[in-house]
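# Tertiary structure, described
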Amino acid sequence: MILVTGGLGFIGSHIALSLLAQGQEVLLVDNLSNTDMSNLERLESITGMNIPFAKVDIRNTPALMNIIQQYAVDSVVHAAGFKSLTESVLKPLEYYNANVSCMMSLLRAMQRTGVRSLVHLSSLAVYGTSSLDLKEEDSFNYHFNNPYIKSLQMAEDILKDTYMTDPEWKIVNLRLANVAGAFEYTNLGEFIRPFPKNIVPLAMQVAAGQREFIELRKHDNTEDKTAHRSFVHVMDVCSAVSLSLQWLYYQNQAYEIFNISGENCSIQQLLDVVSKVTNVVIPTIDANYFEGEELTQVGASSEKVQRMFNWKAQKTIEQMIEDEWMFYQKQLNA
C-alpha cells in the first residue's frame, strides 16, 4: 500500500491516478486545506474503484501512525505542503509550520511504524540560486531571504540528517520544476481557486474572461525583462514518481536526489503560448512592488535522472497549456 500525502491536491491526485492505473494500492491523506472532496469523487469515477481516503493533517503524528498501521502502508509519496514564493513572504509562519512541521511529523510516524521507503516532492527553488543549469550536487544558498525556500531547505536537511543516522531508510528526493498540465483525457486536472497563487492558473482565468489582466514583474535582467522558469507536465512528474518507487523497491538503503526539469521559457513567453492556445490575448500590467527577493532564473539539468532511470520530460509547454486549458474549460462548463 502506497500512502500519498496531499493526495487530493493537484499533483497528489495525478500521482494517485497514475499508480492506480499501474495496479498499485493507494491510500490518500489530505487535510483539505487546498482542495475538497470533489477530487476524490472524480478519481473514483475515473477508476471505478473505492479509494481509501483519510482526512488527516499529517502534523498529527499519532493519527498518521494509526492510519499507516491500519492500512499496512509500505511506501509513502510526500506531496503535501505550501508552494508559493510570493505568499510565503506574507505568511512565513504558515509556510514553516506546513512544510517543516509536516516533514518532521511524517518522518516520525514512518520511523515509529517501521516504514522506511519515501519519495519526497521538493522544488528546484530549494537551491536558492538563480540558474537554468542547476545540478543535484550544487550547494544550497542559505542566504536567500524567502520563507518558502528556507522551509524547503530545512525540510530537505531534516530528511538527509534522518537518513544519515538511520541508513535503513530508502529515500528519493525529487526537485520539481513548475508543474502544469492535466490528465491526458482531461478528466482530472488543476482545480483553480478564485485567487490562484501561480502564473498558469492566473493566465487561465484571463483567457476565460474571469480576470482582466495579470500583474507581471518586468524588472529582471533578461531579454524580455521577465523571469525564466522551467516547466514540467504533471504526467511527466507521475512517471518520475513511479520510476522512483520501482527503484526503491529493490534497494536495501538509499538516498538519492533528482532534478525533474522540463522546457525553459520566460514568463512572457509562457503567456504568449497561453494566448496561442486559447486565442485570447493575455494583457499584463507592471507589478512595481514585490516584498522580498526573486530568482531571475530557475531551471536545471535532468541528466542524472535520465542516466539512472531513463526519465526525460516528454511533453512541451504548449502541450501542458493545451491540456490545462481543456480541463479548465471542462471545469467551467460543469
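Scope of this entry: the structure provided in the associated data block. (Residues numbered from 1 in each chain as written. Predicted model: local features only at pLDDT ≥ 70, side-chain atom pairs only at ≥ 80, totals over all residues. Heavy atoms only, no water.)

What follows concerns the layout of surface pockets. The space that makes up the second largest pocket amounts to roughly 300 Å³. In terms of lining residues, the second largest pocket is bounded by 16 residues, among which Gln-24, Asp-74, Ser-75, Leu-245 and Tyr-249 are the most central. (1 Å grid on protein atoms, 1.4 Å probe; cavity = no way out; pocket = protein on both sides within 12 Å on 5 of 7 lines; lining within 4 Å. Points joined across faces, edges and corners; volume = space filled by probe spheres on them.)

Assignment of secondary structure puts His-120 in strand S5 (residues 117–123). Given the relative accessible area of 5%, His-120 is considered buried. At 2.8 Å, the side chain of His-120 and the side chain of Asn-173 are in polar contact. Excluding residues that lie within four positions of it along the chain, His-120 makes contacts with His-78, Met-103, Glu-156, Leu-159, Val-172, Asn-173 and Leu-174. (Helix = DSSP H or I, 4+ residues; strand = E, 2+ residues; numbered from the N terminus. Buried < 20%, exposed > 50% of the residue type's maximum accessible area, 1.4 Å probe, protein only. Polar contact = N/O pair within 3.5 Å; in protein donor to acceptor, adjacent residues only side chain to side chain. Contact = heavy atoms within 4.5 Å.)

This paragraph deals with the packing of aromatic side chains. Applying the stated criterion across every chain yields a total of eight aromatic pairs. Geometrically, the ring pair formed by Trp-247 and Phe-309 is tilted, given 5.7 Å between the ring centres and 55° between the ring planes. Taken together, the positions of Trp-247 in helix H8 (residues 234–249) and Phe-309 in helix H10 (residues 303–309) put the pair 62 residues apart, joining distant regions of the chain. According to the relative accessible area criterion, Phe-309 is buried, its value standing at 11%. Counting every residue linked through ring pairs, the aromatic cluster contains Phe-82, Tyr-95 and Tyr-148. Across from the ring centre of Phe-258, 5.1 Å away, lies the NZ or CZ of Lys-304, which sits over that ring. (Phe/Tyr/Trp six-rings, centres within 6.5 Å; stacked < 30°, edge-to-face > 60°. Lys NZ or Arg CZ within 6 Å of the ring centre and 35° of its normal.)

This part covers the packing of helix H1 (residues 10–21) against helix H2 (residues 38–47). The interhelical angle for the contact between H1 and H2, taken along N-to-C directions, is 20°, at an axis separation of 11 Å. Relative to H2, H1 is oriented roughly parallel. Seen from above, H1 lies across H2 with right-handed handedness. Note on element contacts: H2 touches H1 through Asn-39, Leu-43, Ile-46 and Thr-47, opposite Ser-13, Leu-17 and Leu-20. When its residues are assigned to classes, the contact of H1 with H2 shows four nonpolar, three polar and no charged. (Axes fitted to C-alpha atoms, helices over the stretch in contact; angles between N-to-C directions. Parallel < 35°, antiparallel > 145°, perpendicular 65-115°, else oblique. Left-handed = near helix turned anticlockwise from the far one by under 90°. Nonpolar A, V, L, I, M, F, W, Y, C, P; charged D, E, K, R; others polar.)

Attention now moves to the sheet that holds S5. The parallel open sheet is built from seven strands, whose spatial order is S3-S2-S1-S4-S5-S7-S11. The sheet is open, and its two borders are formed by strand S3 (53–55) and strand S11 (254–260), each paired with just one other strand. Within this sheet the neighbouring strands show an average axis-to-axis angle of 15°, counted without direction. With respect to the sheet, helix H3 (residues 61–70) is in contact with strand S1 (2–5), strand S2 (26–30) and S3, its orientation differing from that of S1 by roughly 150°. (Pairing = 2+ DSSP bridges.)

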